[in-house]
Amino acid sequence: MFIKTKDLELRNLEFDETFKPGEIELGEDLQLTQPLAAKGRAELIRENRGAREVVEDIRLVGDFAAEVKSKCARCLEPVESSVAESFDLIYRPQGIDAVAAEASINRAETEIGYYQNGGVLLEDVLKEQVLLALPVKLICSAQCKGLCPQCGTNLNGGSCNCVSGISDPRWLALEDLRKKLEQ
Ligand SMILES: [Zn+2]
Ligand SMILES: [Zn+2]
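The following refers to the structure shown.

Rules used throughout
Residues numbered from 1 in each chain as written. Chains lettered and ligands numbered in written order. Predicted model: local features only at pLDDT ≥ 70, side-chain atom pairs only at ≥ 80, totals over all residues. Heavy atoms only, no water. Pairing = 2+ DSSP bridges. Helix = DSSP H or I, 4+ residues; strand = E, 2+ residues; numbered from the N terminus. Donors = N, O, S within 2.8 Å, 3.2 Å for Na, K, Ca; no water. Tetrahedral: all angles 85-135°; square planar, octahedral: opposite > 155°, others 65-115°. Buried < 20%, exposed > 50% of the residue type's maximum accessible area, 1.4 Å probe, protein only. Patch = residues over 30% accessible without salt bridge, like charges linked within 9 Å, V, L, I, M, F, W, Y side chains within 5 Å. Areas by Shrake-Rupley, 256 points an atom, 1.4 Å probe, with all protein chains shown as cover. Salt bridge = Lys/Arg side-chain N within 4 Å of Asp/Glu carboxyl O.

Take the pairing of strand β5 (residues 53–71) next. As paired strands, strand β3 (residues 31–32) and β5 are joined by two bridges and run antiparallel to one another. Bridging across to β5, Leu 32 finds its partner in Val 68. As paired strands, strand β4 (residues 36–49) and β5 are joined by 13 bridges and run antiparallel to one another. Paired with Ala 38 across the two strands is Phe 64, which belongs to β5. Relative to strand β6 (residues 78–93), β5 runs antiparallel, the two sharing 14 bridges. Residue pairing in the sheet places Glu 67 in a bridge with Ser 82 of β6. Count of turn residues in the β5/β6 antiparallel hairpin: six residues, of which Leu 76 carries a positive phi of about 70°.

Shown next as structure tokens:
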């Protein structure tokens, strides 16, 4: 859904949309498992800069909910996660802040992005919001033991025969003892 400033000049736009998994691509290792639902409104904000210049910003206010699937960052097993967030975003014309230093909108209150070609694609905005809402690394559980760095065994399913944790001081102490016994 492309939101154009030309349309917003006439009236604010309300949206209540769902996007199928194929309509929003999140990346190689991250997919939507359910349609993403988003609703909110788009409006035009006219920033007066100086005596004559008026900058048209697009403000997007709304919320979304998504179900995503990824791989556990530790054990690589599939992991599903739900995200639901609200957003309040301002998009300025690309390049405008390079020429105009002053800004009449408080940056602390809203997040600022930039638009090109006369508008913003809602799908792109939502993709960014989903990625921002997720932790950098998804894990299947806080207790996930991950994979053995040597043989790749999933340690959640059982241990392997590698000499694990050689840097662990307890193991080093045992290793010392074993060497002494061998002498
Ligand atoms: Zn895991
Ligand atoms: Zn191992």
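Having seen the model, we can carry on.
Only Cys 148 (SG), Cys 151 (SG), Cys 160 (SG) and Cys 162 (SG) from the protein reach the zinc ion (ligand 2) as donors, at distances of 2.3 to 2.4 Å. Around the zinc ion (ligand 2), the four donor atoms are arranged such that angles at the metal cover 106 to 114°; this shape is classified as tetrahedral. Here the donor residues of the zinc ion (ligand 2) share one chain and are spaced in sequence as C-x2-C-x8-C-x1-C.

This next bit is on the coordination of the zinc ion (ligand 1). The protein atoms donating to the zinc ion (ligand 1) are Cys 72 (SG), Cys 75 (SG), Cys 140 (SG) and Cys 144 (SG), with metal-donor distances spanning 2.3 Å. Geometry at the zinc ion (ligand 1) is tetrahedral, judged from its four donor atoms and the angles of 104 to 114° they form at the metal. Written as a sequence motif, the donor arrangement for the zinc ion (ligand 1) is C-x2-C-x64-C-x3-C. Among the residues examined, Cys 140 registers a relative accessible area of 37% and is labelled partly exposed. Using a relative accessible area of 7% as the deciding quantity, one classes Cys 144 as buried.

Our focus in this paragraph is unusual backbone geometry. Unusually for a residue other than glycine, Leu 76 sits at a positive phi of about 70°. Mapped onto the secondary structure, Leu 76 falls in the loop between β5 and β6. Unlike most non-glycine residues, Asn 117 shows phi in positive territory, near 55°. Relative to the helices and strands, Asn 117 is located in the loop between β7 (111–115) and β8 (119–121).

With that settled, consider the environment of Cys 75. Checked against the element boundaries, Cys 75 lands in the loop between β5 and β6. The sequence separation of Cys 75 and Asn 154 amounts to 79 residues, and the corresponding C-alpha distance is 6.2 Å.

Taken together, the side chains of Leu 174, Leu 177 and Leu 181 make up a nonpolar region of the molecular surface, amounting to roughly 330 Å² of accessible area. The topology assignment puts Leu 177 in helix α4 (residues 169–182).

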